[in-house]
Amino acid sequence: MVTAVAQRLASQRKEIDDTLATFTLSTTQLQEVKAKMRVELERGLKKDTHPTASVKMLPTYVYRTPDGTERGKYLALDLGGTNFRVLVVKIRTGMRNSVRMYNKIYAIPLEIMQGTGEELFDHIVQCISDFLDYMGMKNTRLPLGFTFSFPCNQTGIDKGDLVSWTKGFKATDCEGYDVVDMLREAIKRRNEFDLDIVAIVNDTVGTMMTCAYEDPKCQIGLIAGTGSNVCYMEEMKNIELVEGDEGQMCVNTEWGGFGENDNIEDIRTRYDREVDGGSLNPGKQRFEKMTSGMYLGEIVRQILIDLTKRGLLFRGRITERLKTKGIFETKFLSQIESDRLALLQVRSILQSLGLDSTCDDSIIVKEVCGAVSRRAAQLCGAGMAAIVDKIRENRGLDHLEITVGVDGTLYKLHPHFSTILKDTVRELAPNCKVDFILSEDGSGKGAALITAVIDKYLYAMRFSDETLRDIMARFRREMENGLGGDTNPTATVKMLPTFVRSIPDGSEKGDFIALDLGGSNFRILRVKVSHEKKQTVQMESQIYETPEDIIHGSGSRLFDHVAECLGDFMEKQKIKDKKLPVGFTFSFPCAHSKLDEAVLLTWTKRFKASGVEGMDVVKLLNKAIKKRGDYDADIMAVVNDTVGTMMTCGFDDQRCEVGIIIGTGTNACYMEELRHIDMVEGDEGRMCINTEWGAFGDDGTLEDIRTEFDREIDRGSLNPGKQLFEKMVSGMYMGELVRLILVKMAKEGLLFEGRITPELLTKGKFETKHVSAIEKSKEGLTKAKEILTRLGVEPSEDDCIAVQHVCAIVSFRSANLIAATLGAILTRLKDNKNSPRLRTTVGIDGSLYKMHPQYSRRLHKTVRRLVPESDVRFLLSESGSGKGAAMVTAWASRLCFHHPTNINTEQMC
Ligand code: G6P
Ligand code: G6P
Ligand code: BGC
Ligand code: BGC
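Within an unreviewed UniProt entry, the label attached to the protein chain reads hexokinase, and the organism entered is Cyprinus carpio. Listed under Sequence similarities (unreviewed entry) in UniProt, the entry text for the protein chain is "Belongs to the hexokinase family."

Here it is, written out as structure tokens:
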């Protein structure tokens, strides 16, 4: 009898042992897991294997960990772990350990986690609203960092499309959409307060940043909580999804998805499959389901059900309680496994869960929990070993010392998880010394630190499409004011009639001279247009200096200089004895009453010669030529460079009806219906209007988007209070804007370790061409290093990255603002034509547009977004506006000499 009982017990024991043995992993098996994880890490990083990789290796656009110099006051949201939290984080200047945080935890009811996306985000915004009230901060528009603990495809620090929900979330209409947009829209729906969402951050990244603030060696973030995940600092050159090879970027591995391609089926048990099948996302997050808090209790419950069914537990009785999903929370697992608890206490925990157990049952349950949590810790250890070894190899080291910042309820509460994890890493990655530090303050602090790193100065320069549409509407109103007879006298955007009535029609011919003054070069050209078989244009040109003492001296000296250069050019061309028609591209705002009369309204850009404003520049030039008496010239037309550009491009593309310049200065012209131009008589046909959009904002319309740097630029300019839009966007000011931001950041210790050199403080030392060089995707950071070194600041790699970031923000703002004003012109054209879709060509010129590596792409993209109902061709003017000036001249001289009776002749000649 005794032996029968003993035998039964022994066989039961064996059954239990056999069951639990499926959770035991040998060192060899763990090494295999490490090797497979390594393969998936690589596959996730590579462009061609990324789509099928189970570990997605998502770029985060976090380029560096904090260095202790961050400062400011930020809001943070922390969504996706056990608790949803809203926080305010204050970081004091220049000292580590000087962060103060206030936070409030809010519940997210299950029906909201699994309801509609709109309900979820409305709920989040309601919690923010409550928090802002509670803190008395409703009217302070703080930058916000959003810890969002789900996989997101990021294309920037503040853009992330949710890949798929994980853990307990399943709100509809969110997957595939930008989480930041959804939050912004919910804020707009509530219409009660405004926030600048600066960064979206995974909890692993937030944790890494929180810990790195204390320990600079921390370059990995691990979450072992409700979910499981890791991020780490990867070399840019290995991240094929992101352009650029220099420096590092944090990669969110999303290792929870490991195994989705069936490569760890050998170690998954039937219980794992059971848990997976009953989850919100079957087949997904297989590694997470073996390693994280949300699922370990479920695995235990499945084993207990099976053991009970087999009569090995709970006297073979499966109760309703045991059938209840989710009764085993991580905290119970942690309590049951605590060595400090006596068996009796384990039993009472089980009883509190409604599981009526004997002492023997309690022993078995504890063993089951141990097997499941041990395997989880070992698997995380194997994954971590793969990561540290990869980092070690990235850096070409035999030995790596590194710190992992960790957070999550499983890691924090479980009595053995962390020890087993560390032992496994030590065993599987013997060449790495890995320290683990616990994140005390959660990842919200890290999100705030990221926001601080992005830095508070720049968020005011980022515009949402909504803001851009608003600017577009404002500019449309300005255009209408400029065109209207009553409103024109006080309008800031002058909308100057040009007396150019059509683009070239292909019949122009002749021999012309063009002067081209006002851009970065003063150029004189000879343009010969002939008509043998087809129309051909021959051009020869020469660039002349315009020394600063001349453009800032007296007007008569300036025009003497122009006349002298023209004389020299004619001499070289051997045409001094001829009286060729001259077209004059003069790139400043001029009032015309006919083509060859142009009264300068105001100097802009670098020019400031006295006695010219209010004068007709044709008269001034004629006077200077006459004074010389060595040649004669017939100035037939003065055109703005935008008009010259439109005409140059119109020569190649008849559809061209807009000309824009994004160079030293900025401006646009377009073909307007004559009936809308109150300043010119006649209602038939069209005339080109020189908008002079550079003056947009001179009446205060743009004050809400101008920054302290824009004001500083204006104060130091030749024309304070004027051309405020131009000063935010054009090449003459862009480098200087960047320089002012860098000085400010350095003063606050955010850059160059606080060093400020005399060069950095010198106006004009940072040029727009430097912005273009630094933003090149391949060699940009090397260029940044060279340029900054020349300024004497000995930049670190992080400095270079930060400066690149500043350049990108400033140049992006420029492209966005131009897209908005151009958008306004395009929608006006479309309305004029009364057609549902606009098909048109925009001729463009200017050094900024041409030289900057990203500018044109960004501009085109934003225009297409802002004016979706259009097909716009952007045509670069290859030969400058001189050719266009010649076209206008051809047309004018033809009217004068060949059609003396033409009704428009008087107006035009
Ligand atoms: C962090 C956070 C959470 C995060 C969590 C993981 O520090 O601030 O938002 O998701 O830890 O832990 P849990 O166990 O709550 O999932
Ligand atoms: C044109 C011209 C210039 C003009 C310039 C703008 O094609 O021929 O006279 O002002 O482009 O560019 P920039 O970058 O030189 O100011
Ligand atoms: C998510 C991760 C997150 C992790 C820890 C996973 O389910 O996919 O983005 O980092 O949980 O919270
Ligand atoms: C001038 C415009 C010119 C633009 C581009 C501005 O400063 O006011 O007339 O078209 O620069 O050169």
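Moving on from the coordinates now.
Draft legend 1. Structural view of the site of ligand 1. Of all residues adjacent to ligand 1, which total 13 residues, the nearest are Asp78, Thr82, Thr226, Asp407 and Thr409. Measuring from an oxygen atom of ligand 1, one finds a side-chain N or O atom of Asp78 at 2.3 Å. Note that an oxygen atom of ligand 1 is positioned 2.8 Å from one of the side-chain N or O atoms of Asp203. Residues belonging to the shell around ligand 1 are distributed by class as follows: 1 nonpolar, 9 polar and 3 charged.

Draft legend 2. Examining the sheet that holds strand E5 (residues 143–148) more closely. Read across the open sheet, the 5 strands follow the order E4-E3-E2-E5-E8; overall the sheet is mixed. A strand with exactly one partner marks an edge of an open sheet, and here the two such strands are strand E4 (99–106) and strand E8 (196–201). The mean inter-strand angle of the sheet, taken between neighbouring strand axes irrespective of direction, is 20°. As judged from the 5 bridges shared by E5 and E8, these two strands associate in the parallel manner. Looking across to E8, one finds that Leu144 is bridged to Ile197. This element, helix H4 (residues 117–135), spans strand E2 (72–79), strand E3 (84–91), E4 and E5 of the sheet and lies at about 130° to E4. Helix-sheet contacts for helix H5 (residues 179–190) involve E2, E5 and E8, and the interaxial angle to E8 is about 145°.

Draft legend 3. Inspection of the packing of aromatic side chains at higher detail. If you walk through the whole model with that rule in mind, you get 22 aromatic pairs. Measuring from ring centre to ring centre gives 5.0 Å for Phe150 and Phe169, while their planes differ by 65°; the resulting arrangement is edge-to-face. Pair noted here: Phe150 is in the loop between E5 and strand E6 (152–156) and Phe169 is in the loop between strand E7 (159–162) and H5, with a separation of 19 residues, a long-range link. An identical accessibility class is assigned to Phe150 and Phe169; each is buried. For the pair Phe586 and Phe588, a centre-to-centre distance of 5.0 Å together with 55° between the ring planes defines the contact as tilted. For the pair Phe586 and Phe588, a shared accessibility class is recorded, and that class is buried. An aromatic cluster of at least three residues, connected via ring pairs, comprises Phe146, Phe148, Phe150, Trp165 and Phe169. Lys104 extends its terminal NZ or CZ atom over the ring of Tyr134, reaching a point 4.3 Å from the ring centre. We note Lys605 situated over the ring of Phe588; from NZ or CZ to the ring centre the distance is 4.9 Å.

Draft legend 4. Quick peek at helix H25 (residues 780–790). For H25, the complete set of buried residues consists of Gly780, Leu781, Ala784, Ile787 and Leu788. End-on view of H25: buried residues confined to an arc of 120°, all on one side of the axis. On its buried side, H25 packs onto helix H23 (731–747), helix H24 (768–774) and helix H26 (797–833). Immediately downstream of H25, the backbone of Gly792 shows phi near 80°, a positive value.

Draft legend 5. Summary view of the environment of Gly405. Looking at where Gly405 falls in the secondary structure, it is placed in strand E12 (residues 400–407). For the pair Gly405 and Asp215, spaced 190 residues apart in sequence, the C-alpha separation works out to 9.1 Å. Aside from chain neighbours lying at most four places away, what touches Gly405 is Thr207, Cys211, Cys218, Ile220, Gly221, Leu222 and Ile437.

Draft legend 6. Focus on the sheet that holds strand E10 (residues 228–235). Sheet architecture is open: 6 strands sit in the order E1-E11-E10-E9-E12-E13, paired in mixed fashion. Looking along the sheet, the strands with just one partner apiece sit at the ends: strand E1 (58–59) and strand E13 (432–438). Here E12 pairs with E13 via 7 bridges, running parallel. The residue of E13 that forms the bridge with Val406 is Leu438. Strand contacts of helix H6 (residues 203–214): strand E9 (218–224), E10, strand E11 (248–252), E12 and E13, with the helix running at about 130° to E9, the strand carrying the most contacts. Together, E9 and E13 form the strand contacts of helix H14 (residues 417–428), whose direction differs from that of E13 by roughly 160°.

Draft legend 7. Representation of the site of ligand 4 within the structure. Surrounding ligand 4, one finds 15 residues, the nearest of these being Thr604, Lys605, Asp641, Glu692 and Glu726. Measuring from an oxygen atom of ligand 4, one finds a side-chain N or O atom of Thr604 at 2.7 Å. Within the complex, the protein chains bury 99% of what would otherwise be the 310 Å² of accessible surface of ligand 4. The set of elements that each furnish at least two residues to the shell around ligand 4 consists of helix H20 (641–652) and strand E23 (666–673). Here the shell around ligand 4 is composed, by residue class, of 3 nonpolar, 8 polar and 4 charged.

Draft legend 8. Just the pattern of salt bridges, in detail. Throughout the structure, instances matching the rule amount to 63 salt bridges. For Lys289, the salt bridge identified is with Asp276, shortest N-O distance 2.8 Å. Of this pair, Lys289 sits in helix H8 (residues 286–291) while Asp276 sits in helix H7 (residues 270–277), and the two are 13 residues apart along the sequence. The exposure class assigned to Asp276 is buried, which follows from its relative accessible area of 9%. The residue Lys769 makes a salt bridge to Glu767 at a minimum N-O spacing of 3.6 Å. One network of salt bridges, with partners in common, ties together Asp262, Glu265, Arg268, Arg273, Asp276, Arg286 and Lys289.

Draft legend 9. Local environment of helix H9 (residues 293–309). With 17 residues, H9 extends 25 Å between its outermost C-alpha atoms, agreeing within 8% with the 24 Å of an ideal straight helix rising 1.5 Å per residue. Burial analysis of H9 places 15 of its 17 residues in the buried class, the great majority of the element. Looking one or two residues past H9, Gly311 carries a phi angle of roughly 75°, positive in sign.

Draft legend 10. The arrangement of the packing of helix H18 (residues 555–572) against helix H19 (residues 617–628) in detail. Axis separation between H18 and H19 bottoms out at 9 Å; the angle between their running directions is 60°. Relative to H19, the element H18 lies oblique. H19 is crossed by H18, and the crossing has right-handed handedness. Only Val617, Leu620, Leu621, Ala624, Ile625, Lys627 and Arg628 of H19 make contact with H18, whose side of the interface consists of Phe559, Asp560, Val562, Ala563, Glu564 and Leu566.

Scoring rules and cut-offs
- Residues numbered from 1 in each chain as written.
- Chains lettered and ligands numbered in written order.
- Predicted model: local features only at pLDDT ≥ 70, side-chain atom pairs only at ≥ 80, totals over all residues.
- Heavy atoms only, no water.
- UniProt positions renumbered as here; feature names shortened; annotations may be inferred.
- Near = heavy atom within 4 Å.
- Polar contact = N/O pair within 3.5 Å; in protein donor to acceptor, adjacent residues only side chain to side chain.
- Nonpolar A, V, L, I, M, F, W, Y, C, P; charged D, E, K, R; others polar.
- Pairing = 2+ DSSP bridges.
- Helix = DSSP H or I, 4+ residues; strand = E, 2+ residues; numbered from the N terminus.
- Axes fitted to C-alpha atoms, helices over the stretch in contact; angles between N-to-C directions.
- Contact = heavy atoms within 4.5 Å.
- Phe/Tyr/Trp six-rings, centres within 6.5 Å; stacked < 30°, edge-to-face > 60°.
- Buried < 20%, exposed > 50% of the residue type's maximum accessible area, 1.4 Å probe, protein only.
- Lys NZ or Arg CZ within 6 Å of the ring centre and 35° of its normal.
- Arc of directions from axis to C-beta.
- Areas by Shrake-Rupley, 256 points an atom, 1.4 Å probe, with all protein chains shown as cover.
- Salt bridge = Lys/Arg side-chain N within 4 Å of Asp/Glu carboxyl O.
- Expected span 1.5 Å × (residues − 1).
- Parallel < 35°, antiparallel > 145°, perpendicular 65-115°, else oblique.
- Left-handed = near helix turned anticlockwise from the far one by under 90°.

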